[in-house]
Amino acid sequence: MPYDPQNIFAKILRGEIPCQKVYEDDHVLAFHDIHPQAKVHILVIPKGPYTDMTDFSHNASQGEIAALFRAVGKIAKEQNLTSSGYRILSNIGLNGGQEVPHLHIHLFGGQVLGPMLIRWEEEGGAVSC
Ligand code: AMP
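Since the structure is predicted, the reported quantities are computational estimates derived from the model, not experimental observations.

**Brief notes about the pairing of strand β5 (residues 105–109)**
Thought 1: Where burial is concerned, most of β5 is hidden: 5 out of the 5 residues are buried.
Thought 2: Here β5 shows two buried faces, one formed by Ile105, Leu107 and Gly109 and the other by His106 and Phe108.
Thought 3: As paired elements, strand β3 (residues 40–46) and β5 share 5 bridges and run antiparallel to each other. By the bridge assignment for β5, Val40 is matched with Gly109.
Thought 4: As paired strands, strand β4 (residues 86–89) and β5 are joined by 4 bridges and run antiparallel to one another. Residue pairing for β5: Arg87 is matched across the bridge by Phe108.

**So, the side chain of His102**
Thought 1: Position of His102 among the secondary structure elements: in the loop between α4 (93–96) and β5.
Thought 2: For His102, a relative accessible area of 0% gives the class buried.
Thought 3: A polar contact of 2.8 Å, which involves the side chain of His102, links it to the backbone oxygen of Pro46.

**Considerations on the sheet that holds strand β1 (residues 21–24)**
Thought 1: Taken in spatial order, the 5 strands of this open sheet run β1-β2-β3-β5-β4, and their pairing is antiparallel. Strands with a single pairing partner mark the edges of an open sheet, and in this sheet they are β1 and β4. On average, each strand axis in the sheet is tilted by 20° relative to the strand beside it, whichever way the strands run.
Thought 2: Along the sheet face, helix α3 (residues 62–78) touches β1, β2 (28–32), β3, β4 and β5 and points at about 155° away from the line of β3.

Cut-offs applied
Residues numbered from 1 in each chain as written. Predicted model: local features only at pLDDT ≥ 70, side-chain atom pairs only at ≥ 80, totals over all residues. Heavy atoms only, no water. Buried < 20%, exposed > 50% of the residue type's maximum accessible area, 1.4 Å probe, protein only. Helix = DSSP H or I, 4+ residues; strand = E, 2+ residues; numbered from the N terminus. Pairing = 2+ DSSP bridges. Polar contact = N/O pair within 3.5 Å; in protein donor to acceptor, adjacent residues only side chain to side chain. Axes fitted to C-alpha atoms, helices over the stretch in contact; angles between N-to-C directions. Contact = heavy atoms within 4.5 Å.

Below you can see the structure in the form of structure tokens.
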């Protein structure tokens, strides 16, 4: 899927729409999610035009990749989440439920977050492998 420069995070990066910034460096921007799903819900994004983790992991430079993951750790520390724990998550594509086609890592914390997903087998699913 080609990168869409009109996606909402591209507009935030260009300063066309505002965000509640929590962190910025040469390669990374992080801001509060507009519809938080936890007490702390921050989105960490690369500044480069990457649609998702597949695109990023194939095409980003070593510097961009290191910066994104270092930023996640720095933000967690700055937000005092490291001792209580937190969760990171990135949705990719249709099955992943990705809404905004610019790579973003959700960082959740500040509360007990519960199970990661509804347990597949309890929902009547079957493991096929
Ligand atoms: P995803 O479903 O993984 O693509 O997540 C997209 C996230 O972006 C959702 O949690 C939205 O609430 C969030 N979001 C959408 N627009 C904005 C915005 N303008 N500022 C901050 N977060 C946003």
